[in-house]
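# Survey of secondary and tertiary structure
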Amino acid sequence: MADVDLASGSADKRHKGTRSKKLSTRVDMTPMCDVAFLLIFFFMITTTLQRQKTMNLYLPHDVKNEDQQNKVKESQALTILMGGDNNLYYYYGIGTEAAKDPANKIVKSTYALKGGIGEVIADKWNSVIKNSGGRDSMVVIIKPTKAATYENVVSVLDDMNIYEVKKYALVPATVNDKKMINLKRAASGLPPIVDSTSAGQ
Amino acid sequence: MPKVKIARKATAVDMTPMCDVAFLLLLFFMLTTKFKPDEPVTVVTPSAISTTLLPQAKVALITISKDGRVFFGLSDQNQRTALIQNISTSYKLGLSAKEIRNYELASSVGMPIDKLKQFLQMTPQEQKKYNQEGIPVDSMHQELSQWLDYTVNVNNNDPKLKFVIKADDNTKFDVVNKVLNILKKDNHHQVHLITSMKTIPPGTPAYETAKQSGTLDSNGG
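The notes below deal with the structure included here.

### Some words on the overall build of chain A
Within chain A, the regular secondary structure consists of six helices and six strands. Tracing chain A from N to C terminus, the helices and strands come up as α-β-β-β-α-α-β-α-β-α-β-α. Looking at chain A as a whole, 32% of its 201 residues are labelled buried. Long-range pairs, those at least 24 residues apart, make up 63% of the contacts in chain A between residues at least 6 apart in sequence.

Below, the structure written as structure tokens:
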């Protein structure tokens, strides 16, 4: 096709007998090349171009002995409670203070970084650095209820990475936590949070 | 002045080197390509800023669907064969060679062990249409740790084996928590959660760190 054979003239007619035609040994590579590129194209399209990204999560060992448990200071902790229907509540501390006055100590927030939980983490972060020095001393306790979605959990875990919070714990919400949320909701005239199973953990 | 004669040249271009290159590339793509394994359920993963890549070898993938069904799959086909053979002998399922072959070809399977044989008897087309029940993960009756134990056995306790969870945006934390607890109980403390990429929001500590280390451009931030 693309190969124009210049050597072939009209001189053949003069020869008599059955002399075979001198054929060019060159093979036209164009179709083969076409096929090869077509196949490359196919493999390029079907191949998984971007490998999936993962987030590491370390599941700590259960410590039975209370002496070995890490104690979290009330002043350095921030607890995030996650209910169903994208409800998010938080309070400062590990719960002892908040339990006394759920209606005021527990604050409703959103998953947004700006104007939501992101700002809360940033504020807490700044105050912990100011008050107790090390930025690693801040501890965030993440407590999703059963009705919270995986997206909610990953979103908050991601916030830990975004704000570079070094210490955080993923703990399922207890019955007490749910009670506290419900007390808060009752105070603002809202029905109790939806939870798939009412029984405790 | 003599006329300058332009030599007549053939318009043909030698395609051989181009063809060589094309086949070389083709060979490369054929060897490196890994087909997307077809999943039993479509899962929309949540987005996070994490850029850690999913390890390619030795992955035990736990898929959790939107409605809380749990599926289990191994990335390595040879290990899948060993896994199903072990499961078959210890639970006396009596799987035939064809059924074992069917398991090898399936990417992730989410069936209770007692119904596994019935599921593996189906053709791959039927399997695709079949609505799998999911591996039981309730604390009273759960089979996921059996799958995990046999996987560890098949891998000869290789520490490189990675446990990866792929759950949907709308999966309830209840199920995820059950799976995490099972993993924890079986002493698998390092878990990878599959996420889709999102750009780091500007003005946050992670953004500053990325800017300093110069990795920001690759994140599209």
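### Notes on the pairing of strand E2 (residues 77-82) of chain A
Residue and element names in this part refer to chain A. Where burial is concerned, most of E2 is hidden: six out of the six residues are buried. Going residue by residue along E2, you find Ala-77, Thr-79 and Leu-81 tucked away on one face and Leu-78, Ile-80 and Met-82 tucked away on the opposite face as well. With six bridges connecting them, E2 and strand E5 (residues 139-144) associate as parallel partners. Counterpart to Met-82 in the pairing with E5 is Pro-144. Strand direction decides the pairing type here: E2 and strand E3 (residues 88-92), joined by five bridges, are antiparallel. Across the sheet, residue Leu-78 finds its bridge partner in E3, namely Tyr-92.

### Quick word on the nonpolar core
By size, the foremost hydrophobic cluster in this structure holds 78 residues, and its most contacted members are A:Ile80, A:Val140, B:Leu144, B:Val176 and B:Val179. Top element by residues in this core is helix H7 (residues 173-185) of chain B. It accounts for seven residues. Among residues more than four places away in sequence, those in contact with A:Ile80 are A:Leu88, A:Tyr90, A:Ile117, A:Val140, A:Ile142, A:Lys143 and A:Val156.

### Things to note about the sheet that holds E3(A)
Residues and elements named next belong to chain A. The strand order E4-E3-E2-E5-E6 describes an open sheet built from five strands, whose pairing is mixed. Because the sheet does not close on itself, it has two edges, and the strands there are strand E4 (107-109) and strand E6 (167-170). This sheet shows a mean twist of 25° between the axes of neighbouring strands, independent of strand direction. As paired elements, E3 and E4 share three bridges and run antiparallel to each other. Its bridge partner being in E4, Tyr-89 is matched across the sheet by Lys-108. Helix H5 (residues 150-162) rests against E2, E5 and E6 of the sheet, and its axis sits at about 175° to E5.

### Examining the interface of chain B and chain A
You'll often see interface size given as the accessible area lost when the parts meet. With 55 residues of chain B in contact, the opposing surface of chain A contributes 45 residues. At the level of secondary structure, the elements contributing two or more residues to the side of chain B that touches chain A comprise helix H1 (16-32), strand E2 (52-53), strand E5 (162-167), H7, strand E6 (190-197) and helix H8 (205-213) of chain B. Classifying every residue of the side of chain B that touches chain A by side-chain character gives 32 nonpolar, 16 polar and seven charged. Strand direction decides the pairing type here: strand E1 (residues 53-58) of chain A and E6(B), joined by six bridges, are antiparallel. Bridge pairing in E6(B) places A:Tyr58 opposite B:Gln190.

### A look at the environment of A:Lys100
Its place among the elements puts A:Lys100 in helix H2 (residues 96-100). A:Lys100 sits 53 residues away from A:Val153 along the chain, and the two C-alpha atoms are 27 Å apart.

### Focus on H5(A)
One turn of the α-helix equals 3.6 residues, which is why residues spaced by three or four share an orientation. Residues and elements named next belong to chain A. The end-to-end C-alpha distance of H5 is 18 Å, a good match for the 18 Å that 13 residues give at a rise of 1.5 Å each. Taking burial as the measure, the 13 residues of H5 include 11 buried ones, the bulk of the element. Where H5 is concerned, the buried positions are Tyr-150, Glu-151, Asn-152, Val-153, Val-154, Ser-155, Val-156, Leu-157, Asp-158, Asp-159 and Ile-162. At the C-terminal side of H5, Glu-164 shows a positive phi close to 55°.

### Things to note about the pairing of E6(B)
Remark: a regular strand shows side chains that alternate across the two faces of the sheet. Residues and elements named next belong to chain B. Examined bridge by bridge, strand E1 (residues 47-48) and E6 share two bridges and lie parallel to one another. For Ser-47, the partnering residue across the bridge sits in E6 and is Ser-196. Looking at chain direction, E5 and E6 are connected through three bridges and run parallel. Its bridge partner being in E6, Phe-163 is matched across the sheet by Val-191. Once the chain exits E5 it traverses H7 before rejoining the sheet at E6, and the crossover so formed is right-handed.

Each value, and the rule that gives it
Residues numbered from 1 in each chain as written. Chains lettered and ligands numbered in written order. Predicted model: local features only at pLDDT ≥ 70, side-chain atom pairs only at ≥ 80, totals over all residues. Helix = DSSP H or I, 4+ residues; strand = E, 2+ residues; numbered from the N terminus. Buried ≥ 20, exposed ≤ 12 C-beta atoms within 10 Å, placed from the backbone. Contact = placed C-beta atoms within 7 Å. Pairing = 2+ DSSP bridges. Core = buried A, V, L, I, M, F, W, Y, C linked by C-beta atoms within 7 Å. Axes fitted to C-alpha atoms, helices over the stretch in contact; angles between N-to-C directions. Nonpolar A, V, L, I, M, F, W, Y, C, P; charged D, E, K, R; others polar. Expected span 1.5 Å × (residues − 1). Right-handed = clockwise from strand over helix to strand, strands pointing away.

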